[in-house]
Amino acid sequence: MSPPSFLTASCYVAAGGALGSWLRFLVARAFSPMAGAFPWATLTVNVVGSFAMGLLAGWLARMGSHGEGWRLLIGVGVLGGFTTFSAFSLDFTVLVERGALGMAMTYVAASLIAGFGGLFAGLFLVRAVA
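Residues numbered from 1 in each chain as written. Predicted model: local features only at pLDDT ≥ 70, side-chain atom pairs only at ≥ 80, totals over all residues. Heavy atoms only, no water.

### Things to note about the UniProt feature "transmembrane region" (unreviewed entry) in the protein chain
Okay, step 1: Per the UniProt record, "transmembrane region" (unreviewed entry) is annotated on residues 36–60, 72–92 and 104–126.
Okay, step 2: Summarising residues 104–126: 100% helix, 0% strand, and an end-to-end C-alpha distance of 33 Å. (UniProt positions renumbered as here; feature names shortened; annotations may be inferred. Helix = DSSP H or I, 4+ residues; strand = E, 2+ residues; numbered from the N terminus.)

### Overview of the side chain of Asn-46
Okay, step 1: Inspection of the secondary structure puts Asn-46 in helix 2 (residues 40–63).
Okay, step 2: We classify Asn-46 as buried; its relative accessible area is 18%.
Okay, step 3: Among residues more than four places away in sequence, those in contact with Asn-46 are Thr-83 and Phe-85. (Buried < 20%, exposed > 50% of the residue type's maximum accessible area, 1.4 Å probe, protein only. Contact = heavy atoms within 4.5 Å.)

### Points about the packing of aromatic side chains
Okay, step 1: Under the defined criterion, the tally for this structure stands at four aromatic pairs.
Okay, step 2: Pairing Phe-85 with Phe-88 gives two aromatic rings, centres 5.4 Å apart and planes at 45 degrees, and the pair type is tilted. With a gap of three residues between them, Phe-85 and Phe-88 both fall in helix 4 (residues 85–97), about one helical turn apart.
Okay, step 3: On the basis of relative accessibility, which here comes to 18%, the residue Phe-88 falls in the buried class.
Okay, step 4: Taken together, the ring pairs connect Phe-85, Phe-88 and Tyr-107 into an aromatic cluster. (Phe/Tyr/Trp six-rings, centres within 6.5 Å; stacked < 30°, edge-to-face > 60°.)

### Considering a nonpolar patch on the surface
Okay, step 1: A cluster of nonpolar residues, Leu-112, Phe-116, Leu-119, Phe-120 and Leu-123, forms a patch on the protein surface that exposes about 520 Å² of accessible area.
Okay, step 2: Tracing the backbone shows Phe-120 in helix 5 (residues 101–129). (Patch = residues over 30% accessible without salt bridge, like charges linked within 9 Å, V, L, I, M, F, W, Y side chains within 5 Å. Areas by Shrake-Rupley, 256 points an atom, 1.4 Å probe, with all protein chains shown as cover. Salt bridge = Lys/Arg side-chain N within 4 Å of Asp/Glu carboxyl O.)

### What to know about the UniProt feature "binding site: Na(+)" (unreviewed entry) in the protein chain
Okay, step 1: As annotated by UniProt and renumbered to match this structure, "binding site: Na(+)" (unreviewed entry) occupies Gly-80 and Thr-83.
Okay, step 2: Structurally, the position occupied by Gly-80 is in helix 3 (residues 68–82).
Okay, step 3: For Thr-83, the position within the fold is in the loop between helix 3 and helix 4.
Okay, step 4: On the accessibility criterion, Thr-83 (2% relative accessible area) is buried.

What follows is the structure, given as structure tokens:
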């Protein structure tokens, strides 16, 4: 089976992304009465999204090339809009399963350090300009 065209793939990702973003919004609203010091909504979407990505990855592995539309719609779109942590979790798991433990740990460390560094740099830049 041939992969979907760029336009079709883009539509799958866009539709799934809209749904995933809306679902994340719903989770945040559901947890808003419990808003406090701990980010329960973010933890929830990260864990649920990672679990869903595991289910999807296992299912897609059984489907072979016939699952590309589902990967785009659910994996890239819905889960990408819901939480990108699920993609991070999948990338890490694939590296571990391939036996690339050093690369997996480097990926985690680089993601955390660069991610936090980028956030702090952005905050610093905005605050310095203001």
